[in-house]
2 protein chains.
Amino acid sequence: MPQLDLTATSLDLTRTICDIPSVSGDEGVLADAIDTAIRALPHLEVYRDGDTIVARTQLGRSQRVVIAGHIDTVPINGNVPTRDIAIDGEPVLWGRGTVDMKAGVAVQLKLAAELTDPRIDITWMWYDHEEVDADLNGLTRLSRTRPDLFAGDFAILGEPSNGQVEGGCNGNMRAIVRTRGVRAHSARAWIGRNAIHAAAPVLARLAEYRPRDVPVDGLVYREGMNAVRIGGGVAGNVIPDLCEVEVNYRFAPSRTAEEAQLHVRDVFDGFDVDVVDVAAGARPGLDAPLAQEFVASVGGQAHPKYGWTDVARFSAMGVPAVNYGPGDPHLAHHDEERVPHAQIEDVERGLRAWLSAR
Amino acid sequence: MPQLDLTATSLDLTRTICDIPSVSGDEGVLADAIDTAIRALPHLEVYRDGDTIVARTQLGRSQRVVIAGHIDTVPINGNVPTRDIAIDGEPVLWGRGTVDMKAGVAVQLKLAAELTDPRIDITWMWYDHEEVDADLNGLTRLSRTRPDLFAGDFAILGEPSNGQVEGGCNGNMRAIVRTRGVRAHSARAWIGRNAIHAAAPVLARLAEYRPRDVPVDGLVYREGMNAVRIGGGVAGNVIPDLCEVEVNYRFAPSRTAEEAQLHVRDVFDGFDVDVVDVAAGARPGLDAPLAQEFVASVGGQAHPKYGWTDVARFSAMGVPAVNYGPGDPHLAHHDEERVPHAQIEDVERGLRAWLSAR
């Protein structure tokens, strides 16, 4: 079994854990290595559920922060093991997981070992199956079996955010808009009714749609409504009787899942709309005192997170949460996934300073 | 090998040849049976090429008619062997091939045997691979190796036409209209450009398109332009960079293939149009003296043929051609394919009367 040296630099630790493949469903080896390394630390109380590991300080502080990161990655595509490269003279670590999100996990592991006496109690969570169906997500499982472990005044997800604080996240919804017709031979089209032609106003409404910019708790969330798939057709000589447009709606966290559904039904009024799934967003939660201290401490300005992340899960459980991690989110899942060394070090420094300050 | 009794009724002959499966590519058994039966007739000169059989009278008449029918069918779907059923008290033969087009072939086989002394010379053609790619069509092959066999003053295809004369046929064209965009994560849609949204005007133009009714040589051809397929999309969280709309254009035989292409490019002006294939239609050719005699003889009024058939091939070779056969074209390829006994007998009577008259 690979050994993790938690006294190594967070850069070296990133390299080590990226070189242990852990595509969703195959997190076991990495989870075992983390488990072993963390259980060697007497200041942490460790709980394991499947490939999710929770480690807590129990110092009796008046406040608690949850700091979490997923240990799985999307499939490897020739980009493991990692390589050290340089971009514009800057040292960069290249490979699957460097951005999403093993650099963030490495920083967390290092600080979990080092910070034996933090100013607030810390619950560290390293979890499995984030990159796949939400039902499989380690936090979904844990929130059912041990909701008490989520208790805290604030949560930080180490998702890539270029080392900046990204507050909350947009909600995410998928719906199918269907048009129907009547089949006929295309040589006698007048006998049928063309379902693809009937989708013309659906696409027109999407093309004309002007997404909102919505201020929520001081951050501005950009929404978006897009066709992500269209399909229809039976054969080259048949008038089609069905056309499906799959619509993805990203909505500001000030809108509930229910309101988002009503909005989409309103946009496609007159059409058959089938909501496939919907996940509410998360308000940035930057009005929480700990959140304000954190943003001030890491010395920056908070930005909105556009993509949906597990911060929404914490938010829904009443724990304000932000994203804060090394790596450019645009490079997540990219075959050229890579993170500048400096960003890993910056995030380590930022977290350490805030967690250590008195 | 099954035997064909060409002295049987055309109804019995239809039943016999429908019960010899001959899905495109598997015409051999039926072709052999036809070949054997026809070679037994001393008044016909027989030529065989693959599973295509040509049989000619050589009576030195001043005029010649080509009478042709394909012997293949689309795949069987539990509808062979044939069954005798009744619809509204009328006797009907049910099963694959009864409409498209073995009833027509049966009538032709019977008359080929019976008419030893027709008023004009006759070239009978029974050919393979009509229901599949045009490159495989027995007439395509024959037109390359023995174009002389197509010589004639008039041609009759036995394609189903409800026992009425259907003149010429519409042209047929398929084109792909493509819109392009730029991929992006759907959480940051503004970085990309949505190719499906860009297809909105393509569908709008199709929905607004008013097809023409075009009189050609006294018959009115209804045109049609339809999307028969649409496709686009990469993944549920990706702004798509490509959308394809497959358009099927059925155009009157007064329009050349070249003009049809220009028209489609004009309709989709500003878009990327890729013509996949185009086959010109056939003018009804009812101004040919033999055609006029034929229509008058079978006692009816000619109608336009909307679907593309091999009459276009004869037309392109300078031989005016019409469709005339038993069976409702709407039931061609249908799992409930079926032909009233009376239509088979009517077509037999019509052809015999015209070919025998002095």
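Residues numbered from 1 in each chain as written. Chains lettered and ligands numbered in written order. Predicted model: local features only at pLDDT ≥ 70, side-chain atom pairs only at ≥ 80, totals over all residues. Heavy atoms only, no water.

Description of the sheet that holds strand E9 (residues 171–180) of chain B
Now for step 1: The antiparallel open sheet is built from eight strands, whose spatial order is E16(A)-E9(A)-E15(A)-E13(A)-E13(B)-E15(B)-E9(B)-E16(B). In this open sheet, the two edge strands, each paired with only one partner strand, are strand E16 (272–279) of chain A together with strand E16 (272–279) of chain B. With strand direction ignored, the average angle separating the axes of adjacent strands in the sheet is 20°.
Now for step 2: Contacts from helix H6 (residues 257–267) of chain B reach E9, strand E13 (224–233), strand E15 (242–251) and E16 of chain B within the one sheet, and its direction differs from that of E16 of chain B by about 155°. (Pairing = 2+ DSSP bridges. Helix = DSSP H or I, 4+ residues; strand = E, 2+ residues; numbered from the N terminus. Axes fitted to C-alpha atoms, helices over the stretch in contact; angles between N-to-C directions. Contact = heavy atoms within 4.5 Å.)

Some details on the pairing of strand E4 (residues 83–87) of chain A
Residues and elements named next belong to chain A.
Now for step 1: Examined bridge by bridge, E4 and strand E5 (residues 90–94) share five bridges and lie antiparallel to one another. Among the inter-strand pairings, Ile-87 is bridged to a residue of E5, identified as Glu-90.
Now for step 2: Counted between consecutive antiparallel strands, the loop separating E4 from E5 contains two residues, among which Asp-88 sits at a positive phi close to 50°.

What to know about the sheet that holds strand E4 (residues 83–87) of chain B
All names here are of chain B.
Now for step 1: Taken in spatial order, the three strands line up as E4-E5-E19 in an open sheet, and their pairing is antiparallel. Every other strand in the sheet has two partners, leaving E4 and strand E19 (338–340) as the edge strands with one partner each. Geometrically, the sheet is characterised by an average inter-axis angle of 35° between neighbouring strands, direction not taken into account.
Now for step 2: Helix H9 (residues 341–356) contacts E4, strand E5 (90–94) and E19 of the sheet and is inclined by roughly 65° relative to E19.

As for the interface of chain A and chain B
Now for step 1: The interface is formed by 43 residues belonging to chain A together with 43 residues belonging to chain B.
Now for step 2: The tally of links from chain A across to chain B stands at zero salt bridges.
Now for step 3: Between the two partners, chain A and chain B, sit 12 residue pairs in polar contact (both at pLDDT 80 or more).
Now for step 4: Of all elements in the fold, only helix H5 (200–208), strand E13 (224–233), strand E14 (238–239) and strand E15 (242–251) of chain A reach the threshold of two or more residues within the side of chain A that touches chain B. (Salt bridge = Lys/Arg side-chain N within 4 Å of Asp/Glu carboxyl O. Polar contact = N/O pair within 3.5 Å; in protein donor to acceptor, adjacent residues only side chain to side chain.)

Section: the confidence of the model for chain A
Now for step 1: Within chain A, residue pLDDT values average 95, and 100% of them lie at 70 or more.
Now for step 2: Prediction confidence for the complex, expressed as pTM and ipTM, is 0.82 and 0.82 respectively. (pLDDT = per-residue confidence, 0-100.)

Points about the relation of the copies chain A and chain B
Now for step 1: Structural alignment of chain A on chain B gives an RMSD of 0.1 Å, achieved by rotating through 180° and translating 0.0 Å along the axis. Such a combination of turn and shift is consistent with a two-fold rotation axis. Measuring from the rotation axis to each C-alpha of chain A, the shortest distance belongs to Gly-231 of chain A, at 2.4 Å.
Now for step 2: The overlap is high: 100% of the interface residues of chain A also sit at the interface in chain B, so the same surface is used on both sides. (Least-squares fit on C-alpha atoms with pLDDT ≥ 70 in both.)

So, the pattern of salt bridges
Residue and element names in this part refer to chain A.
Now for step 1: This model, assessed by the stated rule, comprises 58 salt bridges over all chains.
Now for step 2: A salt bridge links Asp-35 to Arg-48; the nearest nitrogen and oxygen atoms lie 3.0 Å apart. Separated by 13 residues along the polypeptide, Asp-35 in helix H2 (residues 28–39) and Arg-48 in strand E1 (residues 45–49) bring together distant segments of the chain.
Now for step 3: A relative accessible area of 9% means that Asp-35 is categorised as buried.
Now for step 4: Measuring nitrogen to oxygen at the nearest pair gives 2.9 Å for the salt bridge that ties Arg-146 to Asp-148.
Now for step 5: Here the residues in one salt-bridge network are Arg-174, Arg-178, Arg-229, Glu-244, Glu-246, Asp-274 and Asp-277, joined through shared partners. (Buried < 20%, exposed > 50% of the residue type's maximum accessible area, 1.4 Å probe, protein only.)

Here we look at H6 of chain B
Residues and elements named next belong to chain B.
Now for step 1: Those residues of H6 that sit buried are Ala-260, Gln-261, His-263, Val-264 and Val-267. Taken end-on, H6 shows its buried residues confined to a sector of 160°, consistent with a single buried face. Those residues of H6 that are exposed and aimed more than 90 degrees away from the buried face are Leu-262 and Asp-266.
Now for step 2: Contacts from the buried residues of H6 go to E9, helix H5 (200–208), E13, E15 and E16. (Arc of directions from axis to C-beta.)

Some details on the state of the cysteines
Now for step 1: Scanning the entire structure with this criterion turns up zero disulfides over all chains.
Now for step 2: Among the cysteines around Cys-243 of chain B, which has no disulfide bond, Cys-243 of chain A carries the closest sulfur, lying 8.9 Å off.
Now for step 3: Owing to a relative accessible area of 1%, Cys-243 of chain B belongs among the buried residues under this scheme. (Disulfide = S-S within 2.5 Å.)

Focus: helix H2 (residues 28–39) of chain B
Now for step 1: In this model, H2 of chain B (12 residues) spans 16 Å end to end at C-alpha, consistent with the 16 Å of a helix rising 1.5 Å per residue.
Now for step 2: For H2 of chain B, the elements touching its buried residues are helix H1 (10–18), strand E1 (45–49), strand E2 (52–56), helix H3 (98–114) and strand E6 (121–127) of chain B. (Expected span 1.5 Å × (residues − 1).)

Observations concerning the packing of aromatic side chains
Now for step 1: Summed over all chains, the structure comprises 16 aromatic pairs over all chains.
Now for step 2: Taken together, a centroid distance of 5.5 Å and an interplanar angle of 50° make the contact between Phe-150 of chain A and Phe-314 of chain A tilted. With Phe-150 of chain A in the loop between helix H4 (138–145) and strand E7 (154–157) and Phe-314 of chain A in helix H8 (residues 311–316), the pair connects residues that are 164 residues apart, well separated along the chain.
Now for step 3: The exposure class of Phe-150 of chain A is buried, given its relative accessible area of 2%.
Now for step 4: A centroid spacing of 4.8 Å and a plane angle of 80° characterise the contact between Trp-190 of chain A and Tyr-306 of chain B, whose relative ring orientation is edge-to-face. Residue Trp-190 of chain A is found in the loop between strand E10 (184–185) and H5, and its partner Tyr-306 of chain B is found in the loop between strand E17 (303–304) and helix H8 (311–316); the two belong to separate chains.
Now for step 5: Look at Trp-190 of chain A and you get partly exposed, because its relative accessible area is 31%.
Now for step 6: Taken together, the ring pairs in this structure connect Phe-154, Phe-294, Tyr-324 and Trp-354 of chain A into an aromatic cluster.
Now for step 7: Directly above the ring of Tyr-47 of chain B sits Arg-146 of chain B, whose terminal nitrogen or CZ lies 4.6 Å from the centroid. (Phe/Tyr/Trp six-rings, centres within 6.5 Å; stacked < 30°, edge-to-face > 60°. Lys NZ or Arg CZ within 6 Å of the ring centre and 35° of its normal.)

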